[in-house]
Amino acid sequence: MKKKLKLLNEVLENLSDFENIGNDKLLLIDKKNRKLIINSPSFDLKKRCYESIAKDLNIVENKKFKDNNIWTNLEIELLKENHNKLSLEDLEKLLKKTKYQILYMKGTLKLYKRTEWEGYELEYLAKNLHEKSYILAEKMNRSLSSIKSKKRVLKLQIKKNIKVR
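Note that the structure is a prediction, hence the values are computed from the model and not measured.

Criteria and cut-off values
Residues numbered from 1 in each chain as written. Predicted model: local features only at pLDDT ≥ 70, side-chain atom pairs only at ≥ 80, totals over all residues. Heavy atoms only, no water. Helix = DSSP H or I, 4+ residues; strand = E, 2+ residues; numbered from the N terminus. Buried < 20%, exposed > 50% of the residue type's maximum accessible area, 1.4 Å probe, protein only. Contact = heavy atoms within 4.5 Å. Areas by Shrake-Rupley, 256 points an atom, 1.4 Å probe, with all protein chains shown as cover. Arc of directions from axis to C-beta. Salt bridge = Lys/Arg side-chain N within 4 Å of Asp/Glu carboxyl O. Core = buried A, V, L, I, M, F, W, Y, C linked by side-chain atoms within 4.5 Å. Phe/Tyr/Trp six-rings, centres within 6.5 Å; stacked < 30°, edge-to-face > 60°. Lys NZ or Arg CZ within 6 Å of the ring centre and 35° of its normal. Pairing = 2+ DSSP bridges. 1 Å grid on protein atoms, 1.4 Å probe; cavity = no way out; pocket = protein on both sides within 12 Å on 5 of 7 lines; lining within 4 Å. Points joined across faces, edges and corners; volume = space filled by probe spheres on them. Nonpolar A, V, L, I, M, F, W, Y, C, P; charged D, E, K, R; others polar.

Caption draft 1: Spatial organisation of the overall build of the chain. Each helix and strand in the chain was counted, giving 8 helices and 3 strands. If you list the helices and strands of the chain from N to C, you get α-β-β-β-α-α-α-α-α-α-α. Each of the 165 residues in the chain was classed as buried or not, and the buried ones make up 35%. In the chain, the proportion of contacts linking residues at least 24 apart, taken out of those at least 6 apart, comes to 40%. Approximately 12400 Å² of the chain is accessible, and the part contributed by carbon and sulfur atoms is 52%.

Next comes the structure, spelled out in C-alpha cells:
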C-alpha cells in the first residue's frame, strides 16, 4: 500500500497529462511517461490533477468580475464534468462558489437537463390549473419555472379549443 501511495505521489508531482477513461477510471501520465490507472478516483484527486496541469500550462483565469465571481478554466471544467454526478451542496464545497453562482454558470453553459412531460403529468396539470404553481411544483417534483411555462401553454391551448367550438 505504501509503495502504491509513493508511486501515486511521484506521478502526481511530475504529472504531464491525464485523461478520463471509461466511466470511473483516470489515466495519469507523468513526465517520465509512466502511466497509472486509478479506479474510482476521488474528486479531490481529479481536482489536484486539473490544478497541476493548469499550473504547468500557466492557465490564466477568466477575469470578468471581482473576487469569488471569477470562474477559472479549471472550475468550469470541474463543473462540466461533475454537474450531473454531484449535488449542488457538493459542488459548492468543491468549487467554493455559492449555489447561485453555480446555477448561473450551469445556465450559461447550458448544462441543465430537460425532462419531457408525460401524458399523466399533463392531465394532472390541466385538471389543477387553478392551484398555485409552487404547490404543483412540489407535488409533481418539477421546477417552478417548468410548471409556470407549461401552465401558460396549457391555458393557451384551452382558449384555442374553446374558440374553435
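Caption draft 2: Spatial organisation of helix α4 (residues 88-95). Inspection of α4 places L91, L94 and L95 among the buried residues, and these make up the whole buried set. Here the buried residues of α4 occupy an arc of 80° about the axis, which is enough to place them on one side.

Caption draft 3: Spatial organisation of the pattern of salt bridges. Following the criterion strictly, the structure yields 4 salt bridges and no others. Its salt-bridge partner being K97, residue E75 comes within 3.6 Å of it at the nearest N-O pair. Of this pair, E75 sits in helix α3 (residues 73-82) while K97 sits in the loop between α4 and α5 (99-108), and the two are 22 residues apart along the sequence. Judged by its relative accessible area of 4%, K97 falls in the buried class. For K139, the salt bridge goes to E131, with nearest N and O atoms at 2.8 Å. We classify K139 as exposed; its relative accessible area is 53%.

Caption draft 4: Summary view of the nonpolar core. Of all hydrophobic cores here, the largest spans 24 residues; its most connected members are L28, C49 and L79. Elements that contribute at least two residues to this core include exactly α1 (2-13), β1 (15-21), β2 (25-30), β3 (35-39), α2 (43-56), α3, α4 and α5. With 4 residues, the top contributor of residues to this core is α3. Ignoring any residue separated from it by four or fewer positions in sequence, one finds L28 in contact with L8, V11, L12, L15, D17, F18, R34, K35, L36, I38 and C49.

Caption draft 5: Quick look at the packing of aromatic side chains. Tallied over the full model, the rule gives 0 aromatic pairs. The side chain of K97 reaches across the aromatic face of W71, ending 5.0 Å from its centre. Its end group placed over the ring of W117, R142 keeps NZ or CZ at 4.1 Å from the ring centre.

Caption draft 6: Region of the structure containing the pairing of β3. Covered by surrounding structure in β3 are L36 and I38 only, the residues K35, I37 and N39 on the alternate face being uncovered. Relative to β3, β2 is paired through 5 bridges, and the arrangement is antiparallel. Each bridged residue has a counterpart across the sheet, and for L26 the counterpart in β3 is I38. Between β2 and β3, which follow one another and run antiparallel, lie 4 residues, and N33 among them has a positive phi close to 65°.

Caption draft 7: Representation of the environment of D30. With respect to the helices and strands, D30 occurs in strand β2. Of the residues examined, D30 reaches a relative accessible area of 2% and is grouped as buried.

Caption draft 8: Region of interest: the layout of surface pockets. As a volume, the largest pocket reaches approximately 510 Å³. Its residues assigned to classes, the lining of the largest pocket comprises 3 nonpolar, 6 polar and 5 charged.

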